[in-house]
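The chain contents come next:
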Amino acid sequence: MLKKIRKFFGPKKLAEGNKIVINCEKLETRVALLEQGSLEEYTVERVNDENIVGSIFKGVVRNIEPGLNAMFVDIGLEKNAFLHFWDAIPEALDSQHEEIHRQGKGDKNQDGQNNQGGGKRRRRKKKKPKIQSKDIPKLYPVGSEVIVQVTKGPIGTKGPRITTNISMPGRYMVLMPRNDQLGISRKIGDPKERTRLRKIMAEKLTVPAGMGVILRTVSQGQKVRYFVRDLAILVEEWRKVEEKAANGKAPVCVFREPDLIERTVRDFLTDDIQEVLCDDQDAVARMKELIAIISRRSMKKISYYQNPVPIFDKLGIQRQIDDAFFRQVWLPSGGYLVIDETEALIAIDVNTGRAKTQDKMILQTNLEAAEAVARQLRLRNIGGLIVVDFIDMRGRKDQNAVYRAMRDHLRSDKAKTQVLHLSQLGLMEMTRQRLHESLNITVNEPCHFCQGRGVVKTAESMSVELQRQISTVLAKSGDTIHELLLIVHPDVMERLRTEDGDLFVELERRYNARLTFRSDATFYREQVVIADPKTKREIKV
């Protein structure tokens, strides 16, 4: 009976299916991806934020640094973009994609005619010499114009990072207009489906010569006509980019990455999403218009949320967000994670907490930690070098199980990741593609009181420091200063009044001075003002 009452009066929970929830406000838009009611991904975009990752620019090479194997390109931003020589070399498909060889039917020449039997003829042709890093300064001398794409936004004091390997993501595929390779995502595991997609790629897709395509994971099970339509849209989009680049004077932006609403429709609204809820009627209409071009039946998934209670509160998302961004994250078994984000790396410590310490429980806690770490990386948008300190495990079998669990949980991460086996010290090193500032840096700023340390000095420590400062001021002044006014935080004042009063009386006797104390509730604990009681002028130590 009690359960029924709680179910009736309690908050609504999203216990089934995968859903996208969008909250549109005046200053920011928030998108949450829920899987079986659990918050798995969370993205925030603010009105004043300029997301340039994925945008394409026509820039000008300003200077070349051979020692860094890099050049700096002016793309019209405050800081020149960084182009490493390796990012200017035509790249091969990475390990996440399977390369598909072209056949004559699907390959058009420059005149738009099919190359029947072209595969054999191409094999007879001499291969073009591969471009190496040493060739880049000759290809792109100072003052030359170059079309580049931003792969990493400006972070801190660093400018954006760019590449000449352009890629334009669509609904089911990614177009590479300057790379003639064809590929399929290895995340598609069904052998029969992979065979079907290979046949489509090799025989039924008419990819223009000199261009390449990679089928995304969401292409699994889709019909050929969707691929044909997606390819036509992307090719037309690239033609517009070329036209704008030809007519525009560098530096100029020739393609702007879509905003969060459009990216959500493109990247997240897949077949495994049962519902999309949004609290803004204009955004709902816009999403339906965008999705209609690709899949009309998906329009039914998009609904307008009408309720005076904020959507994130009504569906229990805000509570999950608040819980997820604590420094300490609890695990089901009673263990917990401690996540510390530094400039150089992310340190994640796994602790047993309330969990028992038997070998089976240690393994269980570490397996839960692997799942939680993968989720937290996505939620917080953490990138760079990450070190996870798991609880020590004796058996190599258990260590391998944790490694496999981490690797499996990272498969759904859209950012590129690389994971190494646990070291002898029980540490797992990994990297995650860092495209933007982490959510922590985006939403928060360093505390003005503790300067980002996360701790403040105790009242006792402040009493010790205050005694040193008074001694310094009085000793340096000689006989010119005989009175001091000291303004401190109430916690420090209480310490001076109760436990350390005699020490300050002794200071007065030693220097033949008079000390007047005053507390100020607006001060933070480490804030101290030493002033002349007559003129109120602050005395610097």
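(A) Local environment of the nonpolar core. Counting residues in hydrophobic clusters, the biggest one holds 31 residues, and the most contacted among them are Leu-337, Ile-348, Val-388, Phe-390, Met-406 and Met-428. When contributions to this core are tallied by element, the ones reaching two or more residues are strand E18 (336–341), strand E19 (345–351), helix H10 (359–380), strand E20 (384–389), helix H11 (396–409) and strand E22 (427–432). No other element matches the eight residues that H10 contributes to this core. Excluding its chain neighbours within four sequence positions, the residues that come into contact with Met-406 are Ala-370, Val-373, Phe-390, Val-419, Met-428 and Met-430.

(B) Main features of the pattern of salt bridges. Applying the stated criterion across every chain yields a total of 24 salt bridges. Taking the shortest distance from any N to any O, the salt bridge between Glu-242 and Arg-239 comes out at 3.3 Å. A residue pair is termed a helical-turn pair when its members lie 3 or 4 positions apart in one helix, as Glu-242 and Arg-239 do in helix H5 (residues 224–247) at three residues. Its relative accessible area of 35% is what places Glu-242 among the partly exposed residues. For Arg-239, a relative accessible area of 38% puts it in the partly exposed group. For Arg-497, the salt bridge identified is with Glu-494, shortest N-O distance 3.2 Å. Taken together, the positions of Arg-497 and Glu-494, both in helix H14 (residues 490–498) and three residues apart, correspond to about one turn of that helix.

(C) Region of interest: the packing of aromatic side chains. Enumeration over the complete set of coordinates arrives at six aromatic pairs. Ring plane angle 75° and centroid distance 6.0 Å describe the contact between Tyr-172 and Phe-227, whose orientation is recorded as edge-to-face. Placement of Tyr-172 in the loop between strand E10 (168–169) and strand E11 (173–176) and of Phe-227 in helix H5 is noted, with a sequence separation of 55 residues between them. Looking at Tyr-172, the relative accessible area reads 4%, which means it is buried. By relative accessible area, which is 0% here, Phe-227 ends up buried. Taken together, the ring pairs in this structure connect Tyr-172, Tyr-226 and Phe-227 into an aromatic cluster.

(D) Seen up close, the pairing of strand E2 (residues 28–35). Of all eight residues in E2, seven are buried, a share of seventy percent or more. Counted along the chain from strand E1 (residues 18–24) to the antiparallel partner E2, the turn is three residues long. As paired elements, E2 and strand E3 (residues 38–46) share eight bridges and run antiparallel to each other. In the strand pairing of E3, Leu-34 is matched with Leu-39. Where E2 folds back on E3, the antiparallel hairpin that results is connected by two residues, among which Gln-36 adopts a positive phi of roughly 55°.

(E) Summary view of the sheet that holds E3. With respect to topology, five strands assemble into an open sheet ordered E3-E2-E1-E15-E16, the strand pairing being mixed. Looking along the sheet, the strands with just one partner apiece sit at the ends: E3 and strand E16 (302–304). Averaged over all adjacent pairs, the angle separating strand axes in this sheet is 20°, with direction ignored. Across seven bridges, E1 lies against E2 in antiparallel orientation. Note on E2: the bridge partner recorded for Asn-18 is Glu-35. Contacts between helix H9 (residues 317–324) and the sheet are confined to E1, E2 and E3, with E3 contributing the most and set at about 90° to the helix.

(F) Focus on the packing of helix H6 (residues 260–267) against helix H7 (residues 281–294). At a minimum axis separation of 10 Å, H6 and H7 run at an interaxial angle of 40°. As the angle between them shows, H6 and H7 are arranged oblique. As for the relative orientation of H6 and H7, their crossing is right-handed in sense. Along the contact surface, H6 presents Ile-261, Glu-262 and Val-265, while H7 presents Ala-283, Arg-286, Met-287, Leu-290 and Ile-291.

(G) Up close: the sheet that holds E10. One open sheet holds the five strands; their spatial order is E7-E12-E13-E11-E10, and the pairing between them is mixed. Strands with a single pairing partner mark the edges of an open sheet, and in this sheet they are strand E7 (97–100) and E10. Across the sheet, H5 touches E10, E11 and strand E13 (212–215), and the angle it forms with E11 is around 35°.

Scoring rules and cut-offs
- Sequence order as written defines the numbering, with residues in each chain counted from 1.
- Side-chain atom pairs in this predicted model are given and counted only at pLDDT of 80 or more, local residue features only at pLDDT of at least 70, and totals for whole chains, interfaces and linings cover all residues.
- With hydrogens and water set aside, each side-chain value is computed from the structure's full complement of heavy atoms.
- For this analysis, a nonpolar core means a set of buried residues of the types Ala, Val, Leu, Ile, Met, Phe, Trp, Tyr and Cys, connected via side-chain atoms within 4.5 Å.
- Exposure classes here rest on a 1.4 Å probe applied to the protein chains alone. A residue is buried below 20% of its type maximum, exposed above 50%, and partly exposed in between.
- Where helices and strands are cited, they refer to DSSP runs of H or I of at least four residues and of E of at least two residues respectively, numbered from the N terminus.
- Any two residues whose heavy atoms approach within 4.5 Å are treated as being in contact.
- One side-chain nitrogen of Lys or Arg within 4 Å of one carboxyl oxygen of Asp or Glu is enough to make a salt bridge.
- By convention, a stacked pair of Phe, Tyr or Trp rings (six-membered ring in the case of Trp) has centres within 6.5 Å and planes under 30 degrees apart, an edge-to-face pair has planes over 60 apart, and any other such pair is tilted.
- When DSSP locates at least two bridges between a pair of strands, those strands are taken to pair.
- A fitted line through C-alpha atoms serves as each axis, taken over the contacting stretch for helices, and the angle formed by two N-to-C directions is quoted from 0 to 180°.
- Convention used here: angles under 35 degrees read as roughly parallel, angles over 145 as roughly antiparallel, angles from 65 to 115 as roughly perpendicular, and any remaining angle as oblique.
- Helix crossings fall into two classes, left-handed where the near helix is turned counterclockwise from the far one by less than a right angle and right-handed where it is turned clockwise.

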